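# Commentary on secondary and tertiary structure
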Amino acid sequence: MSYETTIGLETHVQLATVSKAFCGDRNEFGAEPNRHISEVSLGYPGTLPFLNERQVEFAVRLGLALGSKINRRSTFDRKNYFYADLPKGYQITQDDRPICVGGALPIRTASQQYAAGAPTVRVQLHHIHMEEDAGKSIHAAGEAFSRVDLNRAGTPLLEVVTEPDLHSAEEVDAFMSGMRQLVRWLEISDGNMEEGSLRCDVNVSVRKQGQAELGTRCEIKNMNSMRFARRAIAYEVDRQIALLEKGESVMQQTRQFDPQSGTTSALREKENAHDYRYFPDPDLPPVVLTDAYVQTLRDTLGILPWEAYTELLALGLDPDDAALIGEEKHHYLSFVRYARASPAVPELAKLWVNRVLPFLQQRELGLEPEQFATLQTLIADGEVSAANAASRLLTDLLENPGDVRQRAVDLGLIQNTDTDFLKHIAREVIGANPDKANAYRKGKKGLIGFFMGEVMKKSGGSAEPKETQALLRGLLEETT
Amino acid sequence: MEYYCTTVLFYYRTNYLTPMFYPSIATTQSALDAGEVTTVQLVERYLASIGDQRYLNIYVEVFADEALDRAREQDGRRRAGAKLGRLAGIVLSIKDVICYAGHGVSAGSAMLEDFVSPYTATALQRLLDEDAIVIGRTNCDEFAMGSGNENSHYGPTRNAADPARVPGGSSGGAAVSVQANTCLMAVGSSTGGSVRQPASFCGLYGFKPTYGRISRYGLIAYGSSFDQIGLLARDPTDIALGLELMAGADNFDATAPNRPVPLYSKATSEGPKRIAYFADILKNEKVDGVIRQTTESALKELRDAGHTVEPVTFDYFDYVVPTYYVLTTAEASSNLSRYDGMRYGYRSAEAETLEETYKQSRSEGFGTEVQRRILLGTFVLSSGYYDAFYGKAQRARRVIQEQLRGILADYDFILMPVSPSQPWPVGEQIDDPVANYLADIYTVLANLAGLPAIAIPAGNDPEDHLPVGYQLMADLWQEEELLSFVCRTKK
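Since this is a predicted model, take the numbers as computed values, not measurements. (Residues numbered from 1 in each chain as written. Chains lettered and ligands numbered in written order. Predicted model: local features only at pLDDT ≥ 70, side-chain atom pairs only at ≥ 80, totals over all residues.)

## Focus on the nonpolar core
For clarity, the threshold we go by: The term nonpolar core refers to a set of buried Ala, Val, Leu, Ile, Met, Phe, Trp, Tyr and Cys residues connected through C-beta atoms within 7 Å. Burial is judged by counting the other C-beta atoms within 10 Å of a residue's own C-beta: 20 or more makes it buried, 12 or fewer makes it exposed, and any count in between marks it as partly exposed, with every C-beta position built from the backbone. Our contact criterion uses C-beta atoms placed from the backbone: two residues qualify when those atoms are within 7 Å.
Residues B:L92, B:I135 and B:L232 are the most contacted members of the largest nonpolar core, which totals 154 residues. Setting aside residues up to four positions removed in sequence, B:L92 forms contacts with B:L127, B:A132, B:I133, B:V134, B:I135, B:C183, B:L184, B:M185, B:A186 and B:V187.

## Examining the packing of helix α11 (residues 317-335) of chain B against helix α16 (residues 441-449) of chain B
All names here are of chain B. Filter applied, for reference: Only C-alpha atoms enter the line fits that serve as axes; for helices the fit covers just the stretch in contact. Angles between N-to-C directions range over 0 to 180 degrees. Note on conventions: DSSP H or I runs of at least 4 residues are helices, E runs of at least 2 residues are strands, and numbering of each starts at the N terminus. Relative orientations are named as follows: roughly parallel for angles under 35 degrees, roughly antiparallel for angles over 145 degrees, roughly perpendicular for angles from 65 to 115 degrees, and oblique for any other angle. A crossing counts as left-handed when the near helix is turned anticlockwise from the far one by less than a right angle, and as right-handed when that turn is clockwise. Amino acid classes used here: Ala, Val, Leu, Ile, Met, Phe, Trp, Tyr, Cys and Pro are nonpolar; Asp, Glu, Lys and Arg are charged; the rest, including Gly, are polar.
Following both chains from N to C, one finds α11 and α16 inclined at 70°, their axes separated by 9 Å at the closest point. The angle between α11 and α16 falls in the class roughly perpendicular. Viewed along their axes, α11 and α16 form a crossing whose handedness is left-handed. In this structure, α11 uses F317, V320, V321, T323 and Y324 to contact α16, whose residues at the interface are I441, V444, L445 and L448. The residue inventory of the contact of α11 with α16, partitioned by class, reads eight nonpolar, one polar and no charged.

## With respect to the domain arrangement of chain A
Residues and elements named next belong to chain A. Selection criterion: For every domain, the bounds stem from an assignment made automatically or drawn from a database.
What the domain assignment reports for chain A is domain 1 (3-292), domain 2 (303-410) and domain 3 (419-478). Counting residues at the interface gives eleven residues for domain 1, matched by ten residues for domain 2. Top element by residues in the side of domain 1 that touches domain 2 is helix α3 (residues 169-185). It accounts for four residues. Taken together, the residues of the side of domain 1 that touches domain 2 sort by class into seven nonpolar, three polar and one charged.

## A short note on the sheet that holds strand β4 (residues 185-190) of chain B
Residues and elements named next belong to chain B. Cut-off, in case you're wondering: Between any two strands, pairing holds if DSSP finds at least two bridges.
Ordered in space as β1-β3-β2-β4-β6-β5-β10-β11-β9-β7-β8, the eleven strands form an open sheet in which the pairing is mixed. Every interior strand has two partners, whereas the edge strands, β1 (59-62) and β8 (308-312), have only one. Adjacent strand axes in the sheet meet at a mean angle of 25° when their direction is disregarded. Across four bridges, the pairing between strand β9 (residues 413-416) and strand β11 (residues 467-474) is antiparallel. Bridge assignment links F413 to a residue of β11, and that residue is A474. Of the strands in this sheet, β7 (274-278), β8, β9, β10 (453-460) and β11 are in contact with helix α10 (residues 289-304), which crosses β11 at around 55°.

Written out as structure tokens, the structure reads:
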């Protein structure tokens, strides 16, 4: 019997606003515990939330990018539960009327990504809502107490909830990568999974192929690593299929993944689920957005990652180059600026991927598009070898920008195509190695590499390889 | 100085000379301006009055030294001819639910007995900026839940008109603080009548503004969509000035909109007004006879003065109290979740685990009435009951507001009793919460609809000499109309 897996995700995106969602505390990862706190984030008596408008702006931008409907009126609710890292005893969230509804994220799985023209899958979204994060509880082994860090309490989150529209761990991976890319592209989050800026709850169910209704689902909480998520999903799918195969049924549960054992285990059953007693937060009036506000954000949204990727493919880039260059918006924008001046865009992309992107990790690019165009022309005309251009010339220019041709001359990289000069060297080399020349003539044609190397050495690397090889072959045959 | 104080008290009690407690901001400030009295002397008189009436249990804490320091500093400025704020020399009390940086604030609860606020409420800060002097924090029902001031961790406050009786609540200490001449004006709070009802029980004006008129930041929450800071005073003009100074938008309270603040203290009222009343109440046997009488004579006086006074009907009196209690307890159950023994407040010493800490701290830290309301509120929000209770109450609230505002589209004010009953003996209603809840019927209307309303004193019951009063309610944001009318008709 074959089974079909259905997965829905609840993705939490921590927003990169300067201050928290409902007060002026700094929103910053990595500070000493309990530094970014105030009477508001500590839930002191008499304090009230006051909405950070940047959170709304970020939510609308994400919604517009994903093609969601932007609710002109959305409301905040309270989700009530007790925990040591939840200062008010409730979390402010949007339950009844979220800010964005619907939409879809186009994804490319790893296997599709490298096949040019592969179709993208569009993962349908249920909604996006705003909420605040809780603090962090740290239960260290061997300590009889827990530690609570409230720096994160009240930081702004967007929760992106998908329809049950994914079918494999590979697709989940692609969705999370796509989401990470998008939030970074929009500059609304650093998308850092290790720091918890991006994490997800995974709802997994299986059903027999052809069965109409979805199977009973289990929710795996708080996946903040794609590696763990893949393992958790694989384990959970196997577990559920095994249950069904034995004729048992899957219980609706909240489960957690244990990276040590690679298994999931039940946190609580559905009947023991929290009753969160959601109700409208009386401290926060509805968020009302004007059409003009939404339109302004729409107008300033700019190109989106999947549009950029398509454009790069249209420029003739390999899918893998397009994916690498189109990963980050500023890389994409800078590349297309250089591509406009380039005589050979796909080759520029190779230089970009191999030389420029690694350089950009450390430094700013000091070369103008015209300088790159000159460099590419030198290669195209055979004046500088492609290998030398990519390594020595470009490396030097990246460090010290300057006149490209002059630099090639200074570095002695202009290739020698002067036949007399090359002939002279080639003769010398052949004369100095009669045994090898003989061996070549007797059929050890692989020795051509040796002669090439020698000529290169003697010419100080300036010999143009194609020309030199032809010349060497001619001379070696000639002396027979 | 000692000698002077004693003399003052003697004169005050025997009423031989002009009373040494000025009845209004204007009279106080002109006495200060004339050099008739110094600010320090004023504060000392109030402090002596507090010391003399400890049995009323008005204050949870008196800020004596600090009040004297502020008074001394103001006297210095006054002598030097330097600028003084609009409340210079004005001594206020604050209800024990209003946060004042560096001062204790406990909401009348063991839960917060040792809690010191690190910040000051926006409304209070605005009064302090105008040189108001805060003499202490007043007793109240725990977390403002009650109407007799009997639900306080610090014991009941007593009505100065008859110490065997309650002063009303929840701002009972606030009302008696003015009634017993321990300060000039009291800052209280109203969720369902907690300013008007004690004001009326103590023979004062008690005013609750439109929801959102005054920032709630720093007011310990009970029912967030109902709570408003209010004022209790002998003179409605003082209330107008206090409101003018406290009102307006605040970047810490999203429910206080950015509406212009009229100069309430300068407003005047002219011409005949249209006043509505509910005829049914005047026939209702459950309403105390003296209250019905007071209401009727108030209506008659207004009619005689040339105003239009007409009966109107309101169809939802049966739903008022249930709607109010479903919604406020729901909000309270969530608002009071933060008192969990974790970051501040009472933590049970016996608790070992997290869950025990929650259960024991909250069971030991909260009083009976607070626990009752938390449980009720938790229940009405529970999955499966939400629609039947909370959802329905929300719809009822809208209907109630619509009908009241419909009446106020045709009339300037609605006149009605504050409470169906007069101050009851301390301890009498403590075991009958439903009777207590039902007594809120006339005051909760204004809070359900967010309307401004003011309790107006109307003398004393000729038999037992307890104060009587009535209230006027106006449409949203019509404080200017309401307060100027009350000032104009003040006897």
